[in-house]
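So the chains spell out like this:
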Amino acid sequence: MRMIALVGAGLLLALTACGNDAPAGGGSLTGKTYLSTAVTEDGKPKQLAQNTKVRLQFTDDGRLIADAGCNSMQGRVSVDDGRITLTDGGLASTDMGCPGRQDQDGWLTRILSDKPKWSLNATTLTISTASTTISLTDREVAEPDLAVDGTRWTLDTIIEGDVASHQVGAEKAWITLNGDRVTGSTGCNELQGKVTRADGKLTFGELSTTRIACSGEAGKTEAALLKALKGEVSYSVESNRLSLTTADGKGGVTFSATR
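Here the structure is a predicted model, which means the values were calculated and not measured.

S.K.: Before we move on, could you go through the overall build of the protein and cite the residues and values that matter?
M.R.: Each helix and strand in the protein was counted, giving 4 helices and 21 strands. Out of the 259 residues belonging to the protein, those deemed buried represent 41%. Once local pairs closer than 6 in sequence are excluded, the contacts in the protein between residues at least 24 apart make up 56%.

Right, dumping it as structure tokens:
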């Protein structure tokens, strides 16, 4: 099982807006998420790790949430004077091991700590330091949200309190929503049942499953998934990711889908 410690989450969520309501550089970044389309370093194209992109999210409350394909990093930010400036002592980060990708986290951290210049042209954001330029596109243009219904959502992360985990074999677990029905697999047993939705919430009825005995990691994954698919949960879709959050806000699951 791969564990992720969410560093300083309570403090970061309490941060207030600072500096990106009326930024310089050609438009407002507030409330937008951007995905990299090209990177150059020392005038030459830079190849990122396979199946990764730089992701920059500028939140409404003045934070920058960034990742380069492994850990999530975030901190308070100002974008005044055409520069991205971390204003609260740098970036806090999760602590997940990602072979072949962790060096990319450090690379992105160094860029963001170097007060890179930025400019916005319609849906294209460009950030640059003396040696590196990253071109990014508005996420809603680059990767529109997938439909909730009819998509096969594969389990990615289980969240319990301040800890998120990726179980070995989690990719075998999935759900599909179609109207008032949910079907899928726990990775060990098939599942089906009723679901209703209203105002950004899903309410799951009693789910039925087949009765294969699930031990080890498969049993842990099944128990966590069935716990998350119980009663009322909040849901959101961003690009190819579906997030479910329990009513008390202390748990949930995330799924991903292949386009």
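Here the narrative resumes.
S.K.: Talk me through the packing of aromatic side chains; I want residue IDs and the actual numbers.
M.R.: Across all of its chains, the model carries 1 aromatic pair by this definition. Considering the side-chain rings of Tyr 34 and Phe 58, the 6.4 Å spacing of their centres and the 70° angle between planes classify their relative orientation as edge-to-face. Here Phe 58 lies in strand E4 (residues 55-58) and Tyr 34 lies in strand E2 (residues 32-41), a separation of 24 residues in the sequence. In this structure, Lys 46 is placed above the aromatic ring of Trp 107, and the distance from its NZ or CZ to the ring centre is 5.1 Å. Of note, Arg 152 hangs over the ring of Trp 174, and the distance from its end group to the ring centre comes to 4.0 Å.

S.K.: Mind laying out the side chain of Thr 137, listing which residues take part and the relevant values?
M.R.: Mapped onto the secondary structure, Thr 137 falls in strand E11 (residues 132-138). Among residues more than four places away in sequence, those in contact with Thr 137 are Thr 33, Tyr 34, Leu 35, Thr 37, Thr 123 and Ala 142.

S.K.: Kindly report on the confidence of the model for the protein, identifying the contributing residues and their values.
M.R.: On average, residues of the protein carry a pLDDT of 87, and 87% of them reach 70 or more. Across residues 1-25, where pLDDT falls below 50, the model places 74 contacts with residues more than four positions away in sequence or in other chains.

S.K.: Can you break down the pairing of strand E12 (residues 153-160) residue by residue, with the values?
M.R.: In the case of a regular strand, side chains alternate between the two sheet surfaces. Judged from the 2 bridges that link them, E12 and strand E14 (residues 173-178) form a sheet pairing that is antiparallel. Its bridge partner being in E14, Thr 154 is matched across the sheet by Trp 174.

S.K.: Could you give an account of the environment of Asp 199, with specific residues and numbers?
M.R.: Looking at the secondary structure, you find Asp 199 in the loop between strand E16 (190-198) and strand E17 (201-204). Since its relative accessible area comes to 78%, Asp 199 is described here as exposed. C-alpha separation for the pair Asp 199 and Tyr 235, spaced 36 residues apart in sequence, amounts to 9.5 Å.

S.K.: A description of helix H4 (residues 216-228) should follow, citing residues and the corresponding values.
M.R.: Along its 13 residues, H4 runs 19 Å from first to last C-alpha, staying within 8% of the 18 Å computed at 1.5 Å per residue. Residues Gly 219, Thr 221, Glu 222, Ala 224, Leu 225 and Ala 228 constitute the buried set of H4. Where H4 is buried, its residues meet E12, E14, strand E15 (181-186), E16, strand E19 (231-238) and strand E21 (251-256).

S.K.: Describe the pattern of salt bridges, and please don't skip the residues or the numbers.
M.R.: Going through the model one piece at a time under the given rule, you end up with 9 salt bridges. Ionic pairing is found between Glu 238 and Arg 55, a salt bridge with its closest N-O pair at 2.2 Å. Note that Glu 238 is positioned in strand E19 and Arg 55 in strand E4, a separation of 183 residues in sequence. The salt bridge involving Arg 241 is made with Asp 156; its shortest N-O contact spans 3.4 Å. Taken together, the residues span a long stretch of sequence, with Arg 241 in strand E20 (residues 241-246) and Asp 156 in strand E12 at a distance of 85 residues. Overall, Arg 241 belongs to the partly exposed group, its relative accessible area being 34%.

Definitions and cut-offs
- Residues numbered from 1 in each chain as written.
- Predicted model: local features only at pLDDT ≥ 70, side-chain atom pairs only at ≥ 80, totals over all residues.
- Heavy atoms only, no water.
- Helix = DSSP H or I, 4+ residues; strand = E, 2+ residues; numbered from the N terminus.
- Buried < 20%, exposed > 50% of the residue type's maximum accessible area, 1.4 Å probe, protein only.
- Contact = heavy atoms within 4.5 Å.
- Phe/Tyr/Trp six-rings, centres within 6.5 Å; stacked < 30°, edge-to-face > 60°.
- Lys NZ or Arg CZ within 6 Å of the ring centre and 35° of its normal.
- pLDDT = per-residue confidence, 0-100.
- Pairing = 2+ DSSP bridges.
- Expected span 1.5 Å × (residues − 1).
- Salt bridge = Lys/Arg side-chain N within 4 Å of Asp/Glu carboxyl O.

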